[in-house]
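Reading the structure
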Amino acid sequence: MTFIPLTRCAAFAATARTQNRPHRIVMVTGETTELAHRLLHTPVDERRAQIADMHDATLMDVLITLDMYRGSAYELWHDTPSGFAEDVLGLTITDAHRAVLDAAAGQDVRPVAARLPHPDNHVIAAALIAWSALVSAPRPYAGGRVSVLFAPYLSTASSVWRVLARFIDNASLPGKLDMARRAWWADDDGPQRVNAFSVWNTEPHAMGGLCQYVAVVADADRIADPAMRATMNFLAGGPSGASRLIALGGTTDEPEEWFGLYESCDHVTAVSAE
């Protein structure tokens, strides 16, 4: 994965976050608040077109307003992971990748399964982790946002975490990434909390206390251990509230055994290698 220049939206979002930190006084006008509210309820394609044409100062004011009232400077992409990947992370994605990303944002979607060839598998997994950790949707609840990477091997978790580290550096995303413990810590003031963390070789009982989450499974087709398969089924079958599971397998031919486990998924998509 090569270096990706800082995008316009990422730069403004990073600056907007600093305006709302302690000892900084920001005056938000009613006009800007109304514009931010209207944009949040504008269809995605129309909203992104407006963002692209918006004056820099106006966009900055909108992002500051959303960070102040919604708790995230990335709220304009709350319902479009693909838009977040392109506008904030600076990725160039295909229509097939866009379908996989946006499946995770459906209001009534819980389990999602998709087939993505490597290395797209890990890149899309890292993008979903970043999106789900930084926007309120699909979990607008008090206490922070949690994104979980579920991987079959430590090497898989390390690979996705390296991609995430590149995203954080290139897009100036908030927080501190702990590569040793595979945790992404928020930079909020007050008690330390985690944006995202990674698990592997885990069992269902170890995930029993997890609630209100987005779990992204990388290399799902390589999970052969019975305990880990049970954990994946646990996450897929018992998410509560707005929690969800997105399982990404690397196979590009006929569905493997793991894919059959997700016949009852809300959304199943297959992406062939190009």
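Our structure's up above, just so we're on the same page.
These numbers were taken from a predicted model, which means no experiment stands behind them. (Residues numbered from 1 in each chain as written. Predicted model: local features only at pLDDT ≥ 70, side-chain atom pairs only at ≥ 80, totals over all residues. Heavy atoms only, no water.)

Below, the discussion takes up helix α6 (residues 95–103). Taken residue by residue, α6 has H97, V100, L101 and A103 as its buried positions. Taken around the axis of α6, the buried residues stretch over an arc of 165°, which confines them to a single face. (Buried < 20%, exposed > 50% of the residue type's maximum accessible area, 1.4 Å probe, protein only. Helix = DSSP H or I, 4+ residues; strand = E, 2+ residues; numbered from the N terminus. Arc of directions from axis to C-beta.)

Judged by nonpolar contacts, the single largest core of 69 residues is most densely connected at L76, L173, W184 and L248. Top element by residues in this core is helix α7 (residues 120–134). It accounts for eleven residues. Excluding its chain neighbours within four sequence positions, the residues that come into contact with L76 are L39, L40, R47, I51, L59, V62, L63 and L66. Core analysis: the second largest hydrophobic core is formed by 16 residues, V148, Y213, A220 and M232 among them. (Core = buried A, V, L, I, M, F, W, Y, C linked by side-chain atoms within 4.5 Å. Contact = heavy atoms within 4.5 Å.)

Now for the packing of α7 against helix α8 (residues 154–170). Where α7 contacts α8, the two axes come as close as 9 Å, and the packing angle between them is 60°. When the axis of α7 is compared with that of α8, the two are oblique. Remark: the crossing between α7 and α8 carries right-handed chirality. For the pair formed by α7 and α8, the contact residues are H122, V123, A125, A126, A127, I129 and A130 on the first element and T156, S159, V160, W161, V163, L164 and F167 on the second. Classifying every residue of the contact of α7 with α8 by side-chain character gives eleven nonpolar, three polar and no charged. (Axes fitted to C-alpha atoms, helices over the stretch in contact; angles between N-to-C directions. Parallel < 35°, antiparallel > 145°, perpendicular 65-115°, else oblique. Left-handed = near helix turned anticlockwise from the far one by under 90°. Nonpolar A, V, L, I, M, F, W, Y, C, P; charged D, E, K, R; others polar.)

Further remarks concern the pattern of salt bridges. Scanning all chains against the criterion turns up eight salt bridges. Of the charged contacts, one joins E75 and R70 as a salt bridge, the two residues approaching to 3.0 Å between their closest N and O atoms. The class for E75 is buried, based on a relative accessible area of 0%. R98 is paired through a salt bridge with E86; the nearest N and O atoms lie 2.6 Å apart. Taken together, the residues span a long stretch of sequence, with R98 in helix α6 and E86 in helix α5 (residues 81–87) at a distance of twelve residues. Residues joined in a network through salt bridges with shared partners are R48, E86, D87, D95 and R98. (Salt bridge = Lys/Arg side-chain N within 4 Å of Asp/Glu carboxyl O.)

Glancing now at the packing of helix α2 (residues 30–40) against helix α4 (residues 56–70). Across the interface, α2 lies against α4 with an axial gap of 9 Å and an inter-helix angle of 80°. By the angle between their directions, the pair α2 and α4 is classed as roughly perpendicular. Contacts between α2 and α4 involve T32, T33, L35, A36, L39 and L40 on the former and, on the latter, T58, D61, V62, T65, L66, Y69 and R70.

With respect to the helices, strands and loops of the structure, T156 is situated in helix α8. Within polar-contact distance, the side chain of T156 engages the side chain of D219 at 3.3 Å. With sequence-adjacent residues up to four places away left out, T156 is seen in contact with H122, A151, A218, D219 and R222. (Polar contact = N/O pair within 3.5 Å; in protein donor to acceptor, adjacent residues only side chain to side chain.)

This part covers α2. A turn of α-helix holds 3.6 residues, and therefore any two residues three or four places apart point the same way. Here α2 has its buried residues at T32, L35, A36, L39 and L40. Across the axial projection of α2, the buried residues extend over an arc of 135°, all falling on one side. Among the exposed residues of α2, those oriented more than 90 degrees off its buried face are G30, E31, E34 and H37. Where α2 is buried, its residues contact α3 (44–53) and α4.

Moving on, we get to the packing of aromatic side chains. Across all of its chains, the model carries one aromatic pair by this definition. Between Y74 and F84 the ring centres are 5.9 Å apart and the planes differ by 70°, which places this aromatic pair in the edge-to-face class. One end of the pair, Y74, is in the loop between α4 and α5; the other, F84, is in helix α5, and ten residues separate them in sequence. As far as the burial class goes, Y74 and F84 line up, both buried. (Phe/Tyr/Trp six-rings, centres within 6.5 Å; stacked < 30°, edge-to-face > 60°.)

This next bit is on unusual backbone geometry. Positive phi, close to 55°, is recorded for S172, a residue that is not glycine. One can find S172 in the loop between α8 and β3 (176–178). The phi dihedral of R182 is positive, around 55°, even though this residue is not glycine. For R182, the location among the structural elements is in the loop between β3 and β4 (183–185).

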